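What follows is the residue order along each chain.
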Amino acid sequence: MKTILLHPSYFPSIEQMAAVAQAEHVVFEVADNYQKQTYRNRMFIAHSNGQLLLNIPIKHNKTRKRQKTKEVMVENDFPWQEHHWRSLQSAYRTSPFFEYYEDDLAIFFTETVGNLMEHNLKIFEVLCELIGIDVETSHTVTFETKPESIDLRFLINAKRKSEFQPEIYNQVHQANHPFLPNLSILDLLFNEGPNTLNYLENSSLPFSINGE
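S.K.: Describe the nonpolar core, naming the residues involved and giving the relevant values.
M.R.: In this structure, I4, F11, L88, I133 and L200 are the most contacted members of the largest nonpolar core, which totals 68 residues. Leaving out residues up to four positions away in the same chain, I4 has contacts with A19, V20, A23, H25, V26, V27, S149, I150, L152 and I209.

S.K.: An account of a negative patch on the surface is needed here, citing residue identities and associated values.
M.R.: A surface patch of negative charge is lined by D103, D104, E125 and E129. Of all the secondary-structure elements, those providing two or more residues to the negative patch are α3 (98-105) and α4 (116-131). Locating E125 in the fold gives a position in helix α4.

S.K.: Mind laying out the pairing of strand β2 (residues 25-28), listing which residues take part and the relevant values?
M.R.: A two-sided burial pattern is seen for β2, the buried positions comprising H25 and V27 on one face and V26 and F28 on the other. Note: strand β1 (residues 3-6) against β2, four bridges, orientation parallel. If you follow I4 over to β2, its bridge partner there is V26. The parallel pair β1 and β2 is bridged by helix α1 (residues 14-21), and the resulting crossover is right-handed. The pairing of β2 with strand β5 (residues 136-139) spans four bridges and is classified as parallel. Pairing of H25 across the sheet is with E136, part of β5.

S.K.: Provide a residue-level description of the sheet that holds β2, including the pertinent values.
M.R.: Within the open sheet, the four strands sit side by side as β5-β2-β1-β6. Their pairing is parallel. Of all strands in the sheet, those bounded by a partner on one side alone are β5 and β6 (150-151).

S.K.: Give me the lowdown on α3, citing residues and values where you can.
M.R.: Among the residues of α3, those classed as buried are F98, Y101, E102 and L105. Buried residues along α3 cover an arc of 125° about the axis, so they all sit on one side. For α3, the exposed residues set more than 90 degrees away from the buried face come down to E99, Y100 and D103. On the buried face of α3, the contacting elements are α2 (80-92), α4 and α5 (185-192).

S.K.: Which residues make up the pairing of strand β4 (residues 50-55), and what values do they have?
M.R.: Along any regular strand, the residues point their side chains to alternate faces of the sheet. In this structure, strand β3 (residues 42-47) lies alongside β4, joined through six bridges in antiparallel fashion. Bridge pairing links H47 to G50 in β4. Where β3 hands over to β4, the hairpin turn is made up of two residues, counted between the paired strands.

Definitions and limits used
- Residues numbered from 1 in each chain as written.
- Predicted model: local features only at pLDDT ≥ 70, side-chain atom pairs only at ≥ 80, totals over all residues.
- Heavy atoms only, no water.
- Core = buried A, V, L, I, M, F, W, Y, C linked by side-chain atoms within 4.5 Å.
- Buried < 20%, exposed > 50% of the residue type's maximum accessible area, 1.4 Å probe, protein only.
- Contact = heavy atoms within 4.5 Å.
- Patch = residues over 30% accessible without salt bridge, like charges linked within 9 Å, V, L, I, M, F, W, Y side chains within 5 Å.
- Areas by Shrake-Rupley, 256 points an atom, 1.4 Å probe, with all protein chains shown as cover.
- Salt bridge = Lys/Arg side-chain N within 4 Å of Asp/Glu carboxyl O.
- Lys, Arg positive; Asp, Glu negative; His and termini not counted.
- Charge placed at Lys NZ, Arg CZ, Asp CG, Glu CD.
- Helix = DSSP H or I, 4+ residues; strand = E, 2+ residues; numbered from the N terminus.
- Pairing = 2+ DSSP bridges.
- Right-handed = clockwise from strand over helix to strand, strands pointing away.
- Arc of directions from axis to C-beta.

The following block contains the structure:
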């Protein structure tokens, strides 16, 4: 069975969702320590001026001890959900499939968010339903130092230079700037719609997910 180990992320990158679409079982790492500047609380979308970062603010740990990711709570004093939704509307309102999916996604920007990991796991479930991905999921019990599954936890690093070279598809702002690869899966979904699953399943990944 093609089993991969991933961190739950905020509207994952296309690279990560391609790995999910080509796997049979996803194990989510839920026992790790929280790290900054990762896709745990950020995503990149295409905007008229180029790549745009959308970041979820989190409550800082006052004890100075390292936080477990599963304990991280979202900071809602800043209206980040409204900001993110307006940014998505501005970026994708004219894309072919935004209106098709917006009702299913709006809940993530209107209902108050508490725990970051729970929020990301709910997002993953809805994305799989919308895209048509059928994959088994489970969670770690302790932090996996020597995982038996294929370790793709490095995909959570937003600062990592990816070797993923996705096929070019039509992006709504392509007249304003060159093709932007490996954005949030939302970019692919809003531009490609029902073709998203086929695109992900046929994407060439820079790593192998074949194995036991």
